[in-house]
Amino acid sequence: MPRDRRDNTGGRGAWPTLVLWLCGAAFALPLVWMVAGSVRPAPGSSAGVLGRAAENYAAVWADPTANFPRYLRNSLLIAGASTLGMVAASAVTAFGLSRLCWRGRDAVFLVLLATLMIPGPVLVAPQYLLMRELGLIGTLAPLWLPAWFGGAFSVFLLRQFFLTIPRDLDEAARLDGCSTFGVFWRVVLPLSKPALASAALFQVVASWNDFLGPLVFLNHRELYTLPLGLQQYQSQHGGTPWNLVMAATTLTVLPVMAIYALTRRWFVEGSGAEGLKE
Amino acid sequence: MRGPAHASDGRTPREVARGLLWASPWLVGFAIFTAVPAVLSLWFSLTDYSLLERPVFVGLANYRELAADPVVRAATRNTLAYAAMAVVGGTALSLVLAPLLERGLRGSGLVRAIVFAPTLAPPASAAMVWLWLYNPGDGPLARGLRAVGASSPNFLGDARWALPSLAFMGLWSVGSAVVVYSAAIRGVPRAVYEAAEVDGAGPVSRWWHVTIPGIAPAVLFNVVMAVIWSLQLFAAPLIMTRGGPALSTHTVSMSVYLNAFVYGRMGYACALAWVQLLITLALTILVLALARRAVVYRAG
């Protein structure tokens, strides 16, 4: 990390550093309190911190009114199926919108950009009716099937990346006898691994975090995902067992944070910051 | 030599067909999951549709009812108030945080990572965490305030506090704006800062006269996105307050959801969704118009 950046004149002193650290602490605090809340003792428990953690997390896993393992399985299935489809379909579309030259391409791209601005909730009611017509209510399909047609954000991300690959490579491959699909499969995709990984990560997180979709499309408990199932831990027979709620919440937040910790660069570089360069 | 892709500027039917074929995954998905639902929604908004019986055409009756519906009025008021608090608060906070992170101070990398992390937390989980933080009994905030001798407000249980409490919670996920501003600040030429320094500008003056104008396009982009997102506020009030107390946190998105899926009034819900889209569009245009005037003002 270069110590010498932009706005740094004489202000390298102790005060700005202190303010910065306090800000960091403030942003970390809710997560710290979440974990601390998850190891509060259950009523009547006299175990130590680790024992209480074991008790609470085991209670969440085995809770009879909720079904955590089932919710986890559903969340993982949807995340896996939707990510696979999202990356594959978006890559094909992005290739058509970046490395092929055809009349109407820019119009399609403009429509795609415009859909990024449509708030999701606006269309969720008619989408539900559509899924019902298709006989998909009562299954997990409404949450992963649309991903197999790609998504505007992923297409945009991949297209911007594909545009940076030199055209000479396509032409050399064609001279060697590659078909259009060959250029896509043997030239563009292998060179785009970081962008494909970014698109996959964003879809995993978007799918894992989705609340409105599961709320609307999933109509019985066996199908619930974690964000929806989480609500089951609230206020059972009177007072809310906060230690269990926070333990369950921690278990839903942990996977995203783990992915983030391992792949931070892709996330921060892919998010929005890239979207401004054109 | 130009490759086959350029052979005739892509005008031949063959090339157009090939292009459409490659773009077809998204095009087909767009038709099925966006265009068709949009048309259906427009039609349903003109009908009385209970989901159990066929839709009955009622003209603009849904829209007329919306205009007089006290719940919708409260929801619109709350949504606009939330958007104002969230956009202004979030923009101010991120415009202070991003330059601070770009000063090359010790620990910047770690703080940047921590500030961005909450934007990835599932909204439903964030709602549970803040429900606990705001808990008036033994929640951490209430206990903290009592520890220093202050009395804790009932954050979510008091109609005056509930909406501001949700807006404050929204500041926790300001990290994506911070990341965009950080990237933009790195693009401001160093020489401009040095010139400002030679002219005797202090840190605050440099922030206001160099940093902010230097990253204006990024600010505009983020404000537009923040307006669009904050007008959709849904998961937090649904989970944390159910719109209460006394409708003080009821939002437009909640009304759409409740009418469509709980009250069985699909037509009415679709009409409200269109009104929501129009409000969003109008505010986006307003922001862009204000931005244009601000640019003219600063330049002139």
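A. Focus on the overall build of chain B. When its secondary structure is counted, chain B shows 14 helices and 2 strands. Over its C-alpha trace chain B gives a radius of gyration of 24 Å, far above what one expects of a compact globule, namely 19 Å for 300 residues. If one aligns the C-alpha atoms of chain B with their principal axes, the spans along those axes are about 80 × 70 × 40 Å. The buried share among the 300 residues of chain B stands at 51%. Residue pairs in contact within chain B that sit at least 24 positions apart in sequence constitute 63% of those at least 6 positions apart.

B. Main features of the pattern of salt bridges. Applying the stated rule across the entire model yields 8 salt bridges over all chains. Taking the shortest distance from any N to any O, the salt bridge between Arg99 of chain A and Asp170 of chain A comes out at 2.7 Å. You can see Arg99 of chain A sitting in the loop between helix H3 (68-98) and helix H4 (105-115) and its partner Asp170 of chain A sitting in helix H8 (residues 167-175), a full 71 residues away along the chain. Summarising the burial analysis for this pair, Arg99 of chain A and Asp170 of chain A share the class buried. Note that Arg190 of chain B is salt-bridged to Glu194 of chain B, the shortest N-O span being 3.1 Å. A residue pair is termed a helical-turn pair when its members lie 3 or 4 positions apart in one helix, as Arg190 of chain B and Glu194 of chain B do in helix H9 (residues 190-198) at 4 residues. Arg190 of chain B sits in the partly exposed class, given a relative accessible area of 29%. Looking at Glu194 of chain B, the relative accessible area reads 38%, which means it is partly exposed. Put simply, Glu102, Arg112 and Arg186 of chain B are held in one network by salt bridges that share partners.

C. Here's a closer look at the confidence of the model for chain B. All names here are of chain B. Taken as a whole, chain B shows an average pLDDT of 91; of its residues, 96% reach a score of 70 or greater. Element-level pLDDT for chain B is lowest in helix H14 (residues 266-299), with a mean of 88, against a maximum mean of 97 in helix H7 (residues 162-170). Every residue in residues 1-7 scores below 50 in pLDDT, and together they form 14 contacts with partners more than four places removed in sequence or on other chains.

D. Up close: the domain arrangement of chain A. The domain architecture assigned to chain A consists of domain 1 (14-62) and domain 2 (68-233). Domain 1 of chain A and domain 2 of chain A are separated by 35 Å when their C-alpha centres are compared.

E. Inspection of unusual backbone geometry at higher detail. Residues and elements named next belong to chain B. Of note, the bond from Gly244 into Pro245 is cis; its omega dihedral lies within 30 degrees of zero at -10°. As for its position among the elements, Pro245 is in the loop between helix H12 (235-240) and helix H13 (252-262). The phi dihedral of Leu51 falls on the positive side, at around 80°, and the residue is not glycine. Locating Leu51 in the fold gives a position in the loop between strand E1 (47-48) and strand E2 (56-57). With a relative accessible area of 18%, Leu51 lands in the buried category. Positive phi, close to 55°, is recorded for Ala246, a residue that is not glycine. Checked against the element boundaries, Ala246 lands in the loop between H12 and H13. Ala246 sits in the exposed class, given a relative accessible area of 73%.

F. A look at the domain arrangement of chain B. All names here are of chain B. By the assigned domains, chain B splits into domain 1 (4-44) and domain 2 (61-299). For domain 1 versus domain 2, the separation of C-alpha centres amounts to 35 Å. Across the contact, 4 residues belong to domain 1 and 4 residues belong to domain 2. Of the roughly 380 Å² buried at the junction of domain 1 and domain 2 (both faces included), carbon and sulfur atoms supply 63%. The largest per-residue losses of area from domain 1 upon contact with domain 2 belong to Ser41, Leu42 and Phe44, which jointly make up 89% of the total buried on that side.

G. Molecular detail of the side chain of Ser94 of chain B. Residue and element names in this part refer to chain B. Here Ser94 shows up in helix H3 (residues 70-101). Given the relative accessible area of 0%, Ser94 is considered buried. A polar side-chain atom of Ser94 sits 2.7 Å from the main-chain carbonyl oxygen of Gly90. With residues up to four places along the chain from it excluded, the contact list for Ser94 reads Pro99, Val174, Ala177, Val178 and Tyr181.

H. Molecular detail of helix H9 (residues 180-191) of chain A. Between its first and last C-alpha, H9 of chain A extends 16 Å over 12 residues, near the 16 Å set by a 1.5 Å rise per residue. Turning to H9 of chain A, its buried residues are Thr180, Gly182, Val183, Phe184, Val187, Val188 and Leu189 of chain A. Contacts from the buried residues of H9 of chain A go to H3, helix H7 (152-162), H8 and helix H10 (193-209) of chain A together with helix H1 (13-44) of chain B.

I. View of the interface of chain B and chain A. Facing the 103 residues of chain B at the interface are 95 residues of chain A. Taking both partners together, chain B and chain A bury about 8,800 Å²; carbon and sulfur atoms supply 74% of that area. Considering only the surface of chain B that becomes buried against chain A, Trp22, Trp26 and Phe33 of chain B emerge as the three largest contributors, covering 11% of it. The interface formed by chain B and chain A includes 1 salt bridge. Arg40 of chain A is paired through a salt bridge with Asp138 of chain B; the nearest N and O atoms lie 2.8 Å apart. At the boundary of chain B and chain A, one finds 11 residue pairs in polar contact (both at pLDDT 80 or more). For the side of chain B that touches chain A, the leading source of residues is H1 of chain B, giving 22 residues.

Each value, and the rule that gives it
- Residues numbered from 1 in each chain as written.
- Chains lettered and ligands numbered in written order.
- Predicted model: local features only at pLDDT ≥ 70, side-chain atom pairs only at ≥ 80, totals over all residues.
- Heavy atoms only, no water.
- Helix = DSSP H or I, 4+ residues; strand = E, 2+ residues; numbered from the N terminus.
- Rg over C-alpha atoms; globule rule 2.2 N^0.38 Å.
- Buried < 20%, exposed > 50% of the residue type's maximum accessible area, 1.4 Å probe, protein only.
- Contact = heavy atoms within 4.5 Å.
- Salt bridge = Lys/Arg side-chain N within 4 Å of Asp/Glu carboxyl O.
- pLDDT = per-residue confidence, 0-100.
- Domains from an automatic or database assignment.
- Buried area = accessible area lost by both parts, 1.4 Å probe.
- Polar contact = N/O pair within 3.5 Å; in protein donor to acceptor, adjacent residues only side chain to side chain.
- Expected span 1.5 Å × (residues − 1).

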